[in-house]
Amino acid sequence: MADASIVPIAWDAERIAAMLPSVHASPWPLDGPKDALSGALLFDFTHGGAHALLAVRPVRLTHGTRLDVVGLVSDGDRLSAAAIDAAAVRIAREYGAQALAMCTVRGHLVKACARNGWNITGMVMAKELNNVQ
């Protein structure tokens, strides 16, 4: 998006705290902020009145690089799915990634991603063992 601003920013305690709602949307049991955000890069995204923090982690693999979206928290006007997708694609290209990936429990986010060319490639299955006899 031509009028979107995507600026890399440093992590600090306030920004980690701001990402907590996103960390809670992770389907991975036992993840805390340090687990979910470890190794992630943080970006400040602005598009019109929309503002968000976007955390991504480049993952170098045998056949290329995947950029995992590990956090997204909006604190401005409603985000445009197309604008945030374009931002993620732009960041991915800057880091030489050939693919984007994300795990979420938020159904509306899944639908927004699908409208913008993302594919559902499987299901995350998890079973917490602390309360299982």
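Structure: above.
For clarity, every value in this text was computed on a predicted model and none was experimentally measured.

(A) Inspection of the sheet that holds strand β2 (residues 41-47) at higher detail. Pairing within the open sheet is mixed, and its five strands lie in the order β1-β2-β3-β4-β5. Strand pairing shows two members of the sheet lacking a second neighbour, β1 (5-9) and β5 (99-102), which therefore form its edges. Strand-to-strand, the axes of this sheet are offset by a mean angle of 35°, without reference to chain direction. Where strand β4 (residues 64-74) meets β5, four bridges bridge the pair, whose relative direction is parallel.

(B) Local environment of the side chain of Ser 22. Along the chain, Ser 22 turns up in helix α2 (residues 20-24). Discounting chain neighbours no more than four positions away, the residues touching Ser 22 are Val 70, Gly 71, Leu 72 and Val 73.

(C) Highlighting helix α4 (residues 81-94). Given a rise of 1.5 Å per residue, 14 residues ought to cover 20 Å, and the 20 Å separating the end C-alpha atoms of α4 matches this to within 8%. Residues of α4 that are buried include every one of Ala 83, Ile 84, Asp 85, Ala 87, Ala 88, Ile 91 and Ala 92, and no others. Looking at the buried positions of α4, the neighbouring elements they touch are β1, β2, β3 (50-61), β4 and β5. Where α4 terminates, the next one or two residues include Gly 96, which has phi positive at roughly 70°.

(D) Expanded view of the pairing of β3. Buried residues dominate β3, accounting for nine of its 12 residues. Note: β2 against β3, seven bridges, orientation antiparallel. Directly across from His 47, in β3, lies its bridge partner Ala 50. As paired elements, β3 and β4 share 10 bridges and run antiparallel to each other. Residue pairing for β4: Ala 55 is matched across the bridge by Gly 71. Joining the antiparallel neighbours β3 and β4 is a turn of two residues.

(E) Spatial organisation of the environment of Ala 99. Within the secondary structure, Ala 99 sits in strand β5. The exposure class of Ala 99 is partly exposed, given its relative accessible area of 38%. Between the C-alpha atom of Ala 99 and that of Gly 117, which follows or precedes it by 18 residues, the distance is 12 Å. If we ignore the near neighbours within four places in the chain, the residues touching Ala 99 are Thr 65, Arg 66 and Leu 67.

Conventions we followed
Residues numbered from 1 in each chain as written. Predicted model: local features only at pLDDT ≥ 70, side-chain atom pairs only at ≥ 80, totals over all residues. Heavy atoms only, no water. Pairing = 2+ DSSP bridges. Helix = DSSP H or I, 4+ residues; strand = E, 2+ residues; numbered from the N terminus. Axes fitted to C-alpha atoms, helices over the stretch in contact; angles between N-to-C directions. Contact = heavy atoms within 4.5 Å. Expected span 1.5 Å × (residues − 1). Buried < 20%, exposed > 50% of the residue type's maximum accessible area, 1.4 Å probe, protein only.

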